[in-house]
Every structure is written in structure tokens, then in C-alpha cells.
Amino acid sequence: MSELWVIVPAYNEEHGISATLNALAAQRDPKFTLVVVDNNSTDGTVGVIEAFAAAHPEMRVEVITETQKGTGAASDTGMRYAIAGGATRLARTDADCLPYPDWIERINAGFDSGLRLVSGQLIPRTDEGVRWRDRTIIRIVLEVASAFGKLRPGNQDPRYLGPYVMTPGCNMAITSELYEAAGGFPRTAIEDLHEDRALVNAVRMLTTDYGLRRDVRVHASNRRVRAWGVRKTLAWYADHRYKPELVDIR
């Protein structure tokens, strides 16, 4: 049984999750268990996953359900399910992301280097109809936000043992023991809290064995940029200053 498990929360991803699943099937290191957490989808998401699993018997794919709304709740359920199943290393990506083919290899290399929490690099997808200019703006702003995150008051506390490192929930990995010690992802909805930021700040109270690995790469979705535009998307990610009526963009 593989010690690394990959957790993918999914809600109404019938039309997009196949690309994510195929990216995971194309990993150069196939030694992992995949857990997709269906977050009470109302479309054919589960059927797509089950069809994928049937077509890839070489992979260990499990589908579980979390009825409580939220990426935090779904991700936490998946993480704890994996730990109960024997996972010692946990990775997460999202159902609209495309991990690079060496993603699993690079995550394991991060763990083997002594990290207990691995933060990866986000690279905008190019297949969603978002202009090159907007994708470039997003990449630049992500770098600025990563630097500013070390200074922002909400990430300052004398109890922190090390500096803030932006750790996107769609491209991160953590040891099982540290996940449990830090309390896991808050079981929240996406519009309530940035659960990835909460987790990394909990980790910072326990250890300095965390860090950014730029070779751990994921193509991240820009569908919010396509729907809302750059300005509103950035306001959304900056502590939800933009509050759209529809959060679950598809």
C-alpha cells in the first residue's frame, strides 16, 4: 500500500475533472493512492470518476463523500480518511488543476529533504480562454502576494517559529503526523475562510520544517478570472473583499 495519498475535493466537476484525473494518471511516479472527495455534487461528477477508475485498473482510486459544504470540510475528510487508511504523506490538488508529470516525484523529494509541509508553485492554465495578459498579471500578483504575506499583520504572531510561506491548497503536501498535530484544514466553506492559509499558520506554531518548492508545479485554473475579471478575482483572494453571488464558478 502506498504511503503517499493524493486528496482531491470535488464539487460539480463533471465537465472538468477528467483533465485532472488524466494528469494524475500520467505521473511518472505512480506509487500513490488517489482519493476524490465528492462534496455532495448534484451533477455526474461521481460517474465520471468511477468511469475513470474502471479505465485505469492500475491505479488505486477511491471515491468518498462529504455532505458538509466547503473545500475545507471536504479536504479534511479526505486527509483523515487517508490517514486512517495508512497514509504517512498527504498531497492535495483541486479538481480544476493539472499537476505536472513529475509532481509526485518532486513532492517526495521535498519530504526526503526534511520538509514536513511542502508548498508548491502555481502556474496559470492556458486552455481556459483567459488572455495572456491576464494570466501574466495573475502570476505577478501571486509573487507579490507571497512576499507581502510575510509582512501582513494577520500572519504575524510571536508564537510563530518561522516566516509565512504562501501554501496554496491546490498544490501542497504535508506529513500525516504534522497534519494531525496542526489540527488539519478548518472545516469551512470556500467563501468563509482561506483554509490553506489557516493550516500553514497552525504549522508555523509547531515547526520550521516547511517551505516552498518551485519544482512542485501545478497548472491552476483561471476560471474565476474568466468569469469575474482580474480586479475582482484579486479582491476575492485578498480576504474575500469581493463577495460574488456565485462562488462555485464552473
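Residues numbered from 1 in each chain as written. Predicted model: local features only at pLDDT ≥ 70, side-chain atom pairs only at ≥ 80, totals over all residues. Heavy atoms only, no water.

(A) Highlighting the pattern of salt bridges. Throughout the structure, instances matching the rule amount to 17 salt bridges. Where Arg28 meets Glu105, a salt bridge forms, and the shortest distance between an N and an O atom there is 3.3 Å. Of the two residues, Arg28 is situated in the loop between helix H1 (17–25) and strand E2 (33–38) and Glu105 in helix H4 (residues 103–112); the sequence distance between them amounts to 77 residues. Sharing partners across several salt bridges, the network here consists of Glu66, Asp76, Arg80 and Arg187. (Salt bridge = Lys/Arg side-chain N within 4 Å of Asp/Glu carboxyl O. Helix = DSSP H or I, 4+ residues; strand = E, 2+ residues; numbered from the N terminus.)

(B) Layout of the nonpolar core. Of all hydrophobic cores here, the largest spans 29 residues; its most connected members are Val6, Phe32, Leu34, Val36 and Trp103. At the level of secondary structure, the elements contributing two or more residues to this core comprise strand E1 (4–10), H1, E2, helix H2 (45–55), H4, strand E6 (117–124) and strand E8 (210–220). Look past the residues within four positions of Leu34 in its chain and what remains in contact with it is Val6, Val8, Leu21, Leu24, Met59, Arg60, Val61 and Glu62. In this structure, Ile7, Val35, Leu178 and Phe185 belong to the second largest nonpolar core, which totals 22 residues. (Core = buried A, V, L, I, M, F, W, Y, C linked by side-chain atoms within 4.5 Å. Buried < 20%, exposed > 50% of the residue type's maximum accessible area, 1.4 Å probe, protein only. Contact = heavy atoms within 4.5 Å.)

(C) Structural view of the environment of Thr207. Mapped onto the fold, Thr207 is located in the loop between helix H7 (195–204) and E8. Given the relative accessible area of 5%, Thr207 is considered buried. Distance from Thr207 to Leu161, taken between C-alpha atoms, is 6.3 Å for residues 46 residues apart in sequence. Residues within four places of Thr207 in sequence aside, it is in contact with Arg116, Leu161 and Leu178.

(D) The sheet that holds strand E5 (residues 98–99), seen in detail. The eight strands are arranged E3-E2-E1-E4-E7-E6-E8-E5 in an open sheet whose pairing can be described as mixed. The open sheet terminates on both sides in strands that have one partner only, identified here as strand E3 (60–65) and E5. As paired elements, strand E4 (residues 89–92) and strand E7 (residues 172–175) share four bridges and run antiparallel to each other. Paired with Arg92 across the two strands is Met172, which belongs to E7. H2 contacts E1, E2 and E3 of the sheet and is inclined by roughly 160° relative to E3. Strand contacts of H7: E4, E6, E7 and E8, with the helix running at about 35° to E7, the strand carrying the most contacts. (Pairing = 2+ DSSP bridges. Axes fitted to C-alpha atoms, helices over the stretch in contact; angles between N-to-C directions.)

(E) Inspection of the environment of Arg80 at higher detail. With respect to the element layout, Arg80 can be found in helix H3 (residues 71–84). Arg80 sits in the partly exposed class, given a relative accessible area of 34%. Distance in space between the C-alpha atoms of Arg80 and Leu90 is 9.6 Å, their sequence separation being ten residues. Each residue touching Arg80, except ones within four places of it in the same chain, is listed here: Tyr179, Glu180, Gly183 and Gly184.

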